Amino acid sequence: MAVEVVYRSSRDPERLFMDKAEADRHDKMLELAELLSDVLQKAVPSLSEDQGEELGIYMARNRDVFAKAFKNQPDALGELGSLPETE
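What you see is a predicted model, and the numbers here were worked out from it, not measured in a lab. (Residues numbered from 1 in each chain as written. Predicted model: local features only at pLDDT ≥ 70, side-chain atom pairs only at ≥ 80, totals over all residues. Heavy atoms only, no water.)

Turning to the overall build of the chain, a few remarks are in order. In terms of regular secondary structure, the chain is built from three helices and two strands. Helices and strands in the chain line up, N terminus first, as β-β-α-α-α. The C-alpha atoms of the chain give 16 Å as radius of gyration, which overshoots the globular expectation for 87 residues (12 Å, by more than 25%). For the C-alpha atoms alone, the extent of the chain along its principal axes is close to 50 × 30 × 25 Å. In the chain, which comprises 87 residues, the proportion classed as buried is 23%. (Helix = DSSP H or I, 4+ residues; strand = E, 2+ residues; numbered from the N terminus. Rg over C-alpha atoms; globule rule 2.2 N^0.38 Å. Buried < 20%, exposed > 50% of the residue type's maximum accessible area, 1.4 Å probe, protein only.)

What follows covers a nonpolar patch on the surface. Nonpolar side chains collect at one region of the surface, where V6, L16 and M18 lie side by side and expose about 280 Å² of accessible area between them. Within the secondary structure layout, L16 lies in strand β2 (residues 16–17). Looking at L16, the relative accessible area reads 46%, which means it is partly exposed. (Patch = residues over 30% accessible without salt bridge, like charges linked within 9 Å, V, L, I, M, F, W, Y side chains within 5 Å. Areas by Shrake-Rupley, 256 points an atom, 1.4 Å probe, with all protein chains shown as cover. Salt bridge = Lys/Arg side-chain N within 4 Å of Asp/Glu carboxyl O.)

This part covers unusual backbone geometry. One non-glycine residue, N72, adopts positive backbone phi at about 65 degrees. Residue placement: N72 occurs in the segment after α3 (63–70).

In structure tokens form, the structure reads like this:
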């Protein structure tokens, strides 16, 4: 019988990863998403909790594109239009 080592995300216990670094990256992405969600909901009080969470996750998953845009490369946001939608 073979033994496999798997890693569980501390912020998303349902997800399992074969690589510790990948699990850590996922946790950091979810942490950023949560913080973004909080900031967005404070900035736009009419935003529902679900909408804030979706936006936070979207921005966290695409953090590299947003980072470029915030560093005086607004055209980088064009990359988001070519990304597949997730459900």
